[in-house]
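A look at the structure
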Amino acid sequence: MISFEEYRQMILGLGQPVSTETVPLHAADGLVNAETVFARYAVPPFDNSAMDGFAVRAVDIENTPVTLPVSTDIPAGRTDVGELEPGTAARIMTGAPLPPGADTIVQVEKTANADQNMLTEAPHEITVLEPVTHGTHVRFSGEDIAVGEEALAPGEVLGPTQLSALASIGHGYVKVHRKPVIGVLSTGSELKKPGEEIAPGQIPDSNTTLVRLLVRASGAKDVVLSSSSDDPKDLAAVLDKAGAYLDGIITTGGVSAGAFDVVKEYLKDKNVGFHKVAMQPGKPQGSGVLNLGGRDVPILCLPGNPVSVFVSMKVYGDALIANLSGRTNTEIPWQEWETSESWKTPPGRAQFMPVVAKDGKVVRATSGGSGSHLVYSLMKTRGLAFVPTEVEEVRAGDKLKVWWL
Ligand code: AMP
Ligand code: MG
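Counting of residues starts from 1 at the beginning of each chain's written sequence and follows it residue by residue. The lettering of chains begins at A and the numbering of ligands begins at 1, in the order of writing. Two thresholds apply to this predicted model, a pLDDT of at least 70 for residue-level local features and 80 or more for giving and counting side-chain atom pairs, whereas whole-chain, interface and lining totals are computed over all residues. Note that the side-chain values use all heavy atoms of the structure and ignore hydrogens as well as water.

Thoughts on the overall build of the protein chain
- By definition, any uninterrupted DSSP run of H or I lasting at least four residues is a helix, any uninterrupted run of E lasting at least two residues is a strand, and each is numbered from the N terminus. Looking only at helices and strands, the protein chain has seven helices and 28 strands in total.
- Three exposure classes are used, based on accessible area relative to the maximum for each residue type with a 1.4 Å probe and protein chains only: buried under 20%, partly exposed in between, and exposed over 50%. Relative to its 405 residues, the protein chain shows a buried fraction of 47%.
- Two residues qualify as a contact provided that any one of their heavy atoms is within 4.5 Å of a heavy atom in the partner residue. Across the protein chain, contacts joining residues at least 24 apart in sequence account for 72% of those joining residues at least 6 apart.
- Accessible areas in this description were obtained via Shrake-Rupley with a 1.4 Å probe; residue shielding takes into account the shown protein chains only. Looking at the protein chain as shown, the accessible area adds up to about 19300 Å², and 51% of this sits on carbon and sulfur atoms.
- Residues scored as positive are Lys and Arg, those scored as negative are Asp and Glu, and His as well as the terminal groups of each chain are ignored. In plain terms, the charge of a residue is placed at NZ if it is Lys, CZ if Arg, CG if Asp and CD if Glu. Seen as two clouds, the 35 positive and the 48 negative side-chain charges of the protein chain have centres 12 Å apart.

In structure tokens:
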């Protein structure tokens, strides 16, 4: 058996990032940045006012109250303002550029007749009631990022805040990896499509739905390959037809040691390795790179049990897609939580227990624990708690690593 950590490391080395394209910012949501981006503009791009009020030289308001003539009026967007004469003030609005020479903003509230001072016409003069220190309420150019600074590294996932940041530093387009296309293939002669009638011995195929949607959640495109029976000829036909346009394939079922384990049977001589991973659920796993129609296509062969599929998709499926889409952050965001329950865990295997939070502690999501066939109850799960290989019994009060989903 190999450890979960070792196997995940193997999957993180499977395949290469897919090709890139340059797209407008709004089209890049959820995609992965493909090159280092530098700031074309500083943030803020010029010194400006953080308040509605009056731009002054701090030396002119050291002794208050003091009355200064108002020389001009500066709304946001005005660009033709000359030097602020010593001993004067300029009325200024939030976001407007500071006139050269000014170094301090006096908030309107700190002036006499404040309620009058922001009416349509600027007042002829203002009285500053109390001293304001140098630099107050000035947003200085470049205080967030300077021109030419490195703004975003390749491998970062782009979302609303990253993309608005790129807009603010002068970019309208961004180079991203296109979404990898992942073929999803369920195997099993017992499977019927969702909604179809089942005869005794048959079950609805729930894995296809689970895997294709987790593929999307990981940032790839899903293509459902028609599901295969447990006849190798059937599987061969589906794979041969599918290979040409896929960046990766994820199969479920048929990887354990049974007589009809078609995936293992058919792929074991085709550069796909089958392993026993020391984890529960999800012990039987397969992975490798298939040559389909002259192209190398990474493949993950997950077990068939739905809870195993879910855990395998979170820990391995997402790692494969991270790799193919160029995403660099593949750390599992473990958090340490105390459990208020006790349970036995399988000896010699790490356990991924579906959990929820209750009263600030972590508890099992269902009475069935990590039973790998409990596909209905899986929806109650909010996290996966990790019980290391060497632990055989979890006791109430123990601290566990939890991955909140
Ligand atoms: P296998 O790994 O093929 O032996 O499958 C293990 C278990 O998972 C069996 O009980 C299968 O019936 C079940 N199973 C396999 N594929 C699916 C699927 N696509 N949807 C729901 N259950 C499945
Ligand atoms: Mg099967």
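The rest of the description comes next.
Quick word on the side chain of Asp247
- The residue Asp247 is located in the loop between helix H5 (232-242) and strand E17 (248-252) in this model.
- A relative accessible area of 8% means that Asp247 is categorised as buried.
- In protein, a polar contact means a hydrogen-donor-capable atom and an acceptor-capable atom, both N or O and within 3.5 Å, with residues adjacent in sequence counting only if both atoms are side-chain atoms; elsewhere, any N or O pair within 3.5 Å suffices. Among the polar contacts listed, one links the side chain of Asp247 to the side chain of Arg178, at a separation of 2.9 Å.
- At a separation of 2.7 Å, a polar atom in the side chain of Asp247 contacts the main-chain amide nitrogen of Val181.
- What Asp247 contacts, discounting residues up to four positions off in sequence, is Val18, Arg178, Lys179, Pro180, Val181, Arg295, Val297, Pro298 and Leu324.

Things to note about the packing of aromatic side chains
- Stacked, tilted and edge-to-face are the three classes applied to pairs of Phe, Tyr and Trp rings, where Trp contributes its six-membered ring and a pair requires centres within 6.5 Å; stacked means planes under 30 degrees apart, edge-to-face means over 60, and tilted covers the rest. Following the criterion strictly, the structure yields eight aromatic pairs and no others.
- Ring centres of Phe4 and Tyr316 lie 6.3 Å apart, and the angle between their planes is 50°; on these two criteria the pair is classed as tilted. Placement of the pair is Phe4 in helix H1 (residues 4-12) and Tyr316 in helix H7 (residues 306-325), with a sequence separation of 312 residues.
- Aromatic pair Phe4 and Phe386: ring centres 5.6 Å apart, planes at 45°, arrangement tilted. Note that Phe4 is positioned in helix H1 and Phe386 in strand E26 (residues 383-387), a separation of 382 residues in sequence.
- These aromatic residues form a ring-pair network of at least three members: Phe4, Tyr7, Tyr316, Trp334, Phe352, Phe386 and Trp403.

A look at empty space enclosed by the protein
- Cavity and pocket criteria rest on a 1 Å grid covering protein atoms alone: a 1.4 Å probe that fits but cannot get out defines a cavity, protein on both sides within 12 Å along at least 5 of 7 lines defines an open pocket, and an atom within 4 Å of a point defines a lining residue. Grid points are joined across faces, edges and corners, and a volume is the space filled by probe spheres set on the points. Evaluated as defined, the whole model comprises one cavity of 30 Å³ or more.
- A volume near 50 Å³ is recorded for the largest cavity.
- Together, Val307, Pro354, Thr366, Gly369, Gly371, Leu374, Ser377, Leu378 and Thr381 line the largest cavity.
- Within the lining of the largest cavity, the residues separate by chemical class into four nonpolar, five polar and no charged. When residues are grouped by polarity, Ala, Val, Leu, Ile, Met, Phe, Trp, Tyr, Cys and Pro land in nonpolar, Asp, Glu, Lys and Arg in charged, and all others, Gly among them, in polar.

Some remarks on the site of ligand 1
- Around ligand 1, the surrounding shell holds 15 residues, and the nearest of these are Glu190, Asp205, Ser206, Asn207 and Gly254.
- Contact between ligand 1 and Gly254: an oxygen atom at 2.9 Å from a main-chain N or O atom of the residue.
- With respect to ligand 1, the backbone of Asn305 contributes an N or O atom lying 3.2 Å from an oxygen atom.
- With the chains in place, 77% of the 480 Å² that ligand 1 exposes on its own is no longer accessible.
- The class makeup of the residues in the shell around ligand 1 is four nonpolar, eight polar and three charged. If a single non-hydrogen atom of a residue is within 4 Å of a molecule or strand, that residue counts as near it.

Some points on the sheet that holds strand E1 (residues 20-24)
- Taken together, the three strands give an open sheet; going across it, the order is E1-E12-E2, and neighbouring strands pair in antiparallel fashion. In this open sheet, the two edge strands, each paired with only one partner strand, are E1 and strand E2 (32-33).
- In terms of strand pairing, E1 meets strand E12 (residues 173-177) through five bridges, oriented antiparallel. Bridge assignment links Glu21 to a residue of E12, and that residue is Val176. For two strands to be treated as a pair, DSSP must find at least two bridges joining them.

Notes on the pairing of strand E7 (residues 89-92)
- Residue alternation in E7 divides its side chains into two sets, Ala89 and Arg91 and Ala90 and Ile92, and both sets are buried.
- Here strand E5 (residues 53-56) runs beside E7; their pairing, made up of three bridges, is antiparallel. Pairing of Phe54 across the sheet is with Arg91, part of E7.
- Looking at chain direction, strand E6 (residues 66-74) and E7 are connected through four bridges and run parallel. Paired with Ile74 across the two strands is Ile92, which belongs to E7.

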